[in-house]
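As a plain string of letters, each chain reads:
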Amino acid sequence: MPVKKAASEKRGSSAKSDDGSKDVDKYLATVPEPARSTLGTIRATIRSAVPPETTEGISYGIPTFKYNGGLVWFAAFSKHCSFFPGSLAVMAAFKNELKDCQTSKGTIRFPVDKPLSATLVNKLVKARIAENERRKRR
């Protein structure tokens, strides 16, 4: 399923500046292995779950997918990778499935060499799509 790359976006005053990277491919090129492959797997799983009008880009200096607003984010750090569902309600709804993951407010951390399960990422993304669609209808 094709995902559009976000065109250069104007940043609101609340957005943090990034490192100059404007697309996810450039971001991933800077990530050392094995985290690069791990994030590539996460990215592919997200792409397979989102509607075709979803856009991909960099927000807050990390890769993001946008569908009716911010959808999900992911990133690599020195000792772990993170997935950011963008919703405390979604994290709470999946708390049982997240019990073996290291979580904190709004963040799911996982080892640089072991992506979250595709099933879990798919469920989280689908829940966020539904949440954003409900919000848009209001």
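Structure's up top.
What counts, and at which threshold
- Residues numbered from 1 in each chain as written.
- Predicted model: local features only at pLDDT ≥ 70, side-chain atom pairs only at ≥ 80, totals over all residues.
- Heavy atoms only, no water.
- Patch = residues over 30% accessible without salt bridge, like charges linked within 9 Å, V, L, I, M, F, W, Y side chains within 5 Å.
- Areas by Shrake-Rupley, 256 points an atom, 1.4 Å probe, with all protein chains shown as cover.
- Salt bridge = Lys/Arg side-chain N within 4 Å of Asp/Glu carboxyl O.
- Lys, Arg positive; Asp, Glu negative; His and termini not counted.
- Charge placed at Lys NZ, Arg CZ, Asp CG, Glu CD.
- Helix = DSSP H or I, 4+ residues; strand = E, 2+ residues; numbered from the N terminus.
- Buried < 20%, exposed > 50% of the residue type's maximum accessible area, 1.4 Å probe, protein only.
- Pairing = 2+ DSSP bridges.

Undergrad: Would you mind showing me how to read a positive patch on the surface here?
TA: A cluster of like positive charges, contributed by Arg134, Arg135, Arg137 and Arg138, occupies part of the molecular surface. Examined against the element boundaries, Arg135 turns out to sit in helix α4 (residues 118-137). Since its relative accessible area comes to 44%, Arg135 is described here as partly exposed.

Undergrad: Please explain unusual backbone geometry as it appears in this structure.
TA: Peptide bonds are trans in most cases, and residues, glycine excluded, mostly fall at negative phi. Following Glu33, the chain continues into Pro34 via a peptide bond in cis, with omega recorded as 5°. Along the chain, the position of Pro34 falls in the loop between α1 (24-29) and α2 (35-49). Even without being glycine, Tyr60 reaches a positive phi, approximately 55°. As for its position among the elements, Tyr60 is in the loop between β2 (55-59) and β3 (62-66). Backbone geometry at Asn68 places phi at a positive 55°, although glycine is not the residue there. The residue Asn68 is located in the loop between β3 and β4 (70-76) in this model.

Undergrad: Just checking my understanding: could you explain the pairing of β2 for this structure?
TA: Side-chain direction in a regular strand flips from residue to residue, so the side chains alternate between the two faces of the sheet. Counting buried positions along β2 yields 4 of 5 residues, so the element is predominantly enclosed. The pairing of β2 with β3 spans 5 bridges and is antiparallel. Bridge pairing links Gly57 to Thr64 in β3. The turn linking β2 back onto β3 is made up of 2 residues, and Tyr60 within it adopts a positive phi angle of 55°.

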